[in-house]
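# A structural walkthrough
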Amino acid sequence: MNTDHGQFAPVFALADVVRLDTPAAKNRRLFVAEIRQYSGGPLCPIVDYVLVGDPGASPQFRLRLMPSQSAKSKVTHRALVLTLYDSLPYSDGLHNAVRDASKKFVIDDDSEPEKHVHDEFWRVNDMDGSHVSGVIVRSGDGREKEVTVEVWDYSRMTDVEGVETEEFIFVEMSAVDGAFEIWRGVEVAPGRIAAE
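The structure contained in this document is the topic of the report that follows. From a predicted model like this one, the values you see are computed outputs, not experimental measurements.

### Remarks on the overall build of the protein
- Across its full length, the protein carries 1 helix and 12 strands.
- Mapped in sequence order, the helices and strands of the protein form the string β-β-β-β-β-α-β-β-β-β-β-β-β.
- Counting only residues that meet the buried cut, the protein has 42% of its 196 residues in that class.
- Only carbon and sulfur atoms are counted for the fraction: they give 49% of the accessible area of the protein, which is about 10,400 Å².

### Topic: the environment of Val11
- When you line up the elements, Val11 lands in the segment before β1 (17–20).
- When the C-alpha positions of Val11 and Ala195 are compared, they lie 9.2 Å apart, and in sequence the two are 184 residues distant.

### With respect to the pattern of salt bridges
- Applying the stated rule across the entire model yields 19 salt bridges.
- Where Glu144 meets Arg138, a salt bridge forms, and the shortest distance between an N and an O atom there is 2.9 Å.
- Note on Arg138: relative accessible area 22%, which makes it partly exposed.
- Residues participating in the shared-partner salt-bridge network are Asp48, Arg62, Arg64, Glu172 and Glu181.

### Topic: the side chain of Arg184
- Within the secondary structure, Arg184 is located in strand β11 (residues 180–188).
- A residue is classified by how much of its surface remains accessible, and Arg184, at 15% relative accessible area, is buried.
- Of the polar contacts made by the side chain of Arg184, one reaches the side chain of Asp119; its length is 2.7 Å.
- Dropping the residues within four chain positions of it, Arg184 is found in contact with Val81, Leu82, Thr83, Tyr85, Ile107, Asp119, Phe121, Arg156, Glu167, Phe168 and Ile169.

### Digging into the pairing of strand β5 (residues 77–88)
- Sheet analysis places strand β4 (residues 61–67) next to β5, joined by 7 bridges and oriented antiparallel. Its bridge partner being in β5, Met66 is matched across the sheet by Arg78.
- Two elements, β5 and β11, share 9 bridges in a ladder whose sense is antiparallel. When the sheet's bridge partners are listed, Val81 is paired in β11 with Val186.

Reading the values: rules and limits
- Residues numbered from 1 in each chain as written.
- Predicted model: local features only at pLDDT ≥ 70, side-chain atom pairs only at ≥ 80, totals over all residues.
- Heavy atoms only, no water.
- Helix = DSSP H or I, 4+ residues; strand = E, 2+ residues; numbered from the N terminus.
- Buried < 20%, exposed > 50% of the residue type's maximum accessible area, 1.4 Å probe, protein only.
- Areas by Shrake-Rupley, 256 points an atom, 1.4 Å probe, with all protein chains shown as cover.
- Salt bridge = Lys/Arg side-chain N within 4 Å of Asp/Glu carboxyl O.
- Polar contact = N/O pair within 3.5 Å; in protein donor to acceptor, adjacent residues only side chain to side chain.
- Contact = heavy atoms within 4.5 Å.
- Pairing = 2+ DSSP bridges.

Listed below in structure tokens is the structure:
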């Protein structure tokens, strides 16, 4: 796997300890449990470091490094901290939602009746359709496998700790059984990522 991310960020190995200075992960020692390299789609190559507090513990985070698409920036890669928002078996409803011509993805959450959430996300770079990506997955037990996922990516601008920040949603569908995972998170500055 190509783990050269330019001068932007540290490159982690399996079992490395990582600290993320974000509200969800603050003051937690996280371990690299898996490394996932995506090799298809307009945002690739992407490398995800799957981080857990203890083996098999929740919540699970992904530190995603992807190339910067800004020609004006000296930063070669962007870092996103993602958490698993939802996972479910194949769903016609979700599949229809991500294929909708509006390019909009809506999250309505009524789990707290006094605090209804209605968040709207739009396709990154106004892209049409999905992209299919091969993913090489390396885990701590030394195994390596390749999987294929279909991906839809969305973002919006939002306020995080008083700072306007781009928030992302990545919807991934397994090519094997159609199961979905929805990953949600924000971009973080390189200085908020550290190795022990």
